[in-house]
Amino acid sequence: MTDAIPEFRKSQSGAGVGLAGVSLAAGTGARTRKEIAIIILVAVIVIGGLEVLLRWFEVPHYILPPPSAIMAALVKEFPLLLPHLRDTLICLFAGFGIGASIGLVLAAVVTQKPFVEKVITPYILILVTTPMLALVPLLILRFGFGYSPRIIAVALAAGPMVMINAATGFRRTDSAKIALARSYGASVLQIFWKIRAPMAMPMILVGLMIGAIFGLLTCVGAEMVGGGFGLGNRLTTYSSMINMPEFFAVIMILSIMGILLYVLFFLIGKKWASWEA
Amino acid sequence: MAAATEGARLSIRGAGKRYGDLQAIADVSLDVGHNTIVSIVGPSGCGKTTLLWSMSGLHGLSEGQVQLDGQTITGPHPDIGLVFQEANLLPWRNLMQNILFPWEVKRQKPDMAWINHLLDRVGLKGFETRMPRELSGGMQQRASIVRALSLRPSVLLMDEPFGALDAFTREEMNRLVEEIWLETKTTIVFITHSIEEAIFLSDRVLVLSKRPGRVIADYPVPFVRPRSLKTMASREVFDLTNRIKADIYGQTTLRAAAE
Ligand SMILES: Nc1ncnc2c1ncn2[C@@H]1O[C@H](COP(=O)(O)OP(=O)(O)O)[C@@H](O)[C@H]1O
Ligand SMILES: [Mg+2]
């Protein structure tokens, strides 16, 4: 018997390609009032300390504006940034949705046939390791300055990441569990949905999390390369005008997006993959 | 091919199974009578699981055939229940969801009255929503037995079900199997590497040789049930144990000791 809160952990990921150290286990949530109080206190000290230090040493705003200036810029510019935030989200979700779906389907299909997997894996590895940002200028040449080159870049960045991790999950076949299902006359589809998929779920979620974060990075990068909209475009615009508080306000929005993605998959993992603790 | 023995439920004739070049079992013939418990013992790797899976229809044979009530088994059969080595519960389902798994696969409405009776019988009432990792090894194996029995199979094949349990839990589980057998009158084929367990439970003990496995001995176990501690400590049980050991190890010293 265990009384520990189930913790969702990325375990035995040896074969998966992922971000070293990115694990779904980081930080169990705060539990007691005391813990929450300490967390808030530390945040106040860090942010307040930064504010005091930057003012004390009279660090110029174009190097690092104090937190108060960034917050003020964030509040002031937020209505103007909102459409750009929407553009970034569209590009991220469309690209990630397409890439992740293809990645998941490919992983599920390819792992059924070890030989096919051997043939296809090198190409997936090339896709995983190629920085898709490098392709953006080419994509812009071909598709123009709209959403499509960005969506393609995000899909290319997220898809292979999802695929390679999901494949690791689907490869974790447990012949006894499959035999169990077969002994009750389960069909190939039933075996897939009731055994293989749940067994792969922890690795699938790791892949989705890393893929989403890679997708966000690629999306913002692509927006910085070309086109007149999106948060990445705001970054280039503000920095060229040396509007540093606004620049950092955008950075803050992006960090919060990244953290929200992480938390989202962490919570999904807690719900659907906590059995693997 | 010889006809199945009259009155046998399960009948195996000339069974052989190869994995590529590896001959796992060779020319195994045996019959299992109605409402009996037959144990199969043999050295590890001799093909016990291979034989049991063939009986369950999970995989086919290279030679020979398996018949249930005169019908050749060609695939998983609804009358045959299988309890796997280790509990083999699905870790992402709680206990009740694990027990309902076969019903889900078969798209049948579960017989909840029977399932609840079984859970009560094996002492798992109240644990329905626990996840497998929250259960002890013995509880997990009991859950897997309930899962197999829930479909009311008339033949139950058990593959070293208690091999991973400690000695006390194991004895408890043996008594449980006997009680369940008395209640359900299922025909049971029980694979084990514990000779004591085999003698305690069975009407017959079959001994398989080293790989490729074949039946090298077939001992009736005549002691009255339920077999008490006194029976299990008796001279007869001791002698039978030694004879089986001698068959397995093929050691003359042991055989001499038994005689
Ligand atoms: N699917 C398989 N493919 C190849 N060899 C196998 C397979 N299953 C079992 N074997 C081999 O067949 C032999 C018998 O295995 P098994 O029936 O599991 O033995 P036991 O249950 O008596 O320990 C072993 O040598 C094992 O390695
Ligand atoms: Mg075995």
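Look above for the structure.
Note that the coordinates shown come from a computational prediction; the quantities given were computed from them, not determined experimentally.

Draft legend 1. Looking closely at the overall build of chain A. When helices and strands are tallied, chain A shows 9 helices and 0 strands. Its helices and strands in sequence order give chain A the pattern α-α-α-α-α-α-α-α-α, from N to C terminus. Split into buried and exposed, the 277 residues of chain A put 37% on the buried side. Across chain A, contacts joining residues at least 24 apart in sequence account for 76% of those joining residues at least 6 apart.

Draft legend 2. Looking closely at the overall build of chain B. Counting secondary structure elements, chain B contains 9 helices and 10 strands. A globule of 259 residues ought to have a C-alpha radius of gyration of about 18 Å, and chain B, at 18 Å, matches this closely. For chain B, the C-alpha atoms occupy an extent of roughly 55 × 45 × 35 Å along the three principal directions. Looking at chain B residue by residue over its 259 residues, the buried ones come to 43%. Restricting the contact set of chain B to residue pairs at least 6 apart, pairs at least 24 apart contribute 70%.

Draft legend 3. Main features of the nonpolar core. V154, A158 and A166 of chain A together with V189 of chain B are the most contacted members of the largest nonpolar core, which has 132 residues in total. Of all the elements, helix α7 (residues 188-225) of chain A adds the most residues to this core, at 18 residues.

Draft legend 4. Highlighting the site of ligand 1. Residues and elements named next belong to chain B. Taken together, Y19, L22, A24, S44, G45, C46, G47, K48, T49, T50 and R211 make up all the residues around ligand 1. Broken down by element, the shell around ligand 1 gets its largest block of residues, 3 residues, from helix α1 (residues 48-56). A class-by-class count of the residues in the shell around ligand 1 yields 4 nonpolar, 5 polar and 2 charged.

Draft legend 5. Seen up close, the sheet that holds strand β10 (residues 215-220) of chain B. All names here are of chain B. With respect to topology, 6 strands assemble into an open sheet ordered β6-β7-β8-β3-β9-β10, the strand pairing being mixed. Each edge of the sheet is formed by a strand with only one pairing partner; in this case those strands are β6 (80-83) and β10. Recorded for the sheet is a direction-independent mean angle of 15° between the axes of neighbouring strands. Here 4 bridges tie β6 to strand β7 (residues 155-159), and the two strands are oriented parallel to one another. Across the sheet, residue I80 finds its bridge partner in β7, namely V155.

Draft legend 6. Representation of the sheet that holds strand β2 (residues 22-33) of chain B in the model. Residues and elements named next belong to chain B. In space, the 4 strands of this open sheet follow the order β2-β1-β4-β5, with antiparallel pairing throughout. Edge strands, defined here as strands with exactly one partner in the open sheet, are β2 and β5 (71-72). Two elements, strand β4 (residues 63-68) and β5, share 2 bridges in a ladder whose sense is antiparallel. Each bridged residue has a counterpart across the sheet, and for Q67 the counterpart in β5 is T72. Lying on the sheet, α1 is in contact with β1 (8-19), β2 and β4; it crosses β1 at an angle near 125°.

Draft legend 7. Summary view of the interface of chain A and chain B. Taken together, the contacts link 16 residues of chain A with 14 residues of chain B. Of all the secondary structure elements, the ones that give two or more residues to the side of chain A that touches chain B are α6 (175-183) and α7 of chain A. Of all the elements, α6 of chain A adds the most residues to the side of chain A that touches chain B, at 7 residues. For the side of chain A that touches chain B, a count of residues per class yields 9 nonpolar, 4 polar and 3 charged.

Draft legend 8. Quick peek at the environment of P212 of chain B. Residues and elements named next belong to chain B. Considering the arrangement of structural elements, one finds P212 in the loop between β9 (204-208) and β10. Residues P212 and A26 lie 186 residues apart in sequence; the distance between their C-alpha atoms is 5.6 Å. In this structure, P212 is in contact with Q23, A24, I25, A26 and G47, ignoring residues within four places of it in sequence.

Draft legend 9. Region of the structure containing helix α3 (residues 114-129) of chain A. An ideal rise of 1.5 Å per residue puts 22 Å on 16 residues; α3 of chain A measures up with 22 Å between its terminal C-alpha atoms. Residue I120 of chain A marks the point of greatest curvature in α3 of chain A, where the axis turns by about 40°; the proline P122 of chain A follows within four residues.

Draft legend 10. Representation of unusual backbone geometry within the structure. Residues and elements named next belong to chain B. A cis amide bond, omega -5°, links R211 with the succeeding residue P212. Note the cis peptide between R225 and P226, where omega equals -10°. Residue placement: P226 occurs in the loop between β10 and α7 (229-232). The phi dihedral of N35 is positive, around 50°, even though this residue is not glycine. Structurally, N35 is set in the loop between β2 and β3 (37-41). When the 15 C-beta atoms within 10 Å are taken as the criterion, N35 is described as partly exposed. In this structure, N88 is a non-glycine residue whose phi angle is positive, near 55°. Taking the number of C-beta atoms within 10 Å as the measure of exposure, N88 has 21 and is therefore buried.

Draft legend 11. Structural detail: helix α1 (residues 33-56) of chain A. Between its terminal C-alpha atoms α1 of chain A stretches 34 Å, which fits the 34 Å expected from 24 residues at 1.5 Å a residue. At the C-terminal side of α1 of chain A, E58 of chain A shows a positive phi close to 50°.

Definitions and limits used
Residues numbered from 1 in each chain as written. Chains lettered and ligands numbered in written order. Predicted model: local features only at pLDDT ≥ 70, side-chain atom pairs only at ≥ 80, totals over all residues. Helix = DSSP H or I, 4+ residues; strand = E, 2+ residues; numbered from the N terminus. Buried ≥ 20, exposed ≤ 12 C-beta atoms within 10 Å, placed from the backbone. Contact = placed C-beta atoms within 7 Å. Rg over C-alpha atoms; globule rule 2.2 N^0.38 Å. Core = buried A, V, L, I, M, F, W, Y, C linked by C-beta atoms within 7 Å. Near = placed C-beta within 6 Å. Nonpolar A, V, L, I, M, F, W, Y, C, P; charged D, E, K, R; others polar. Pairing = 2+ DSSP bridges. Axes fitted to C-alpha atoms, helices over the stretch in contact; angles between N-to-C directions. Expected span 1.5 Å × (residues − 1). Bend = angle between axes of the 7 residues up to and from the residue.

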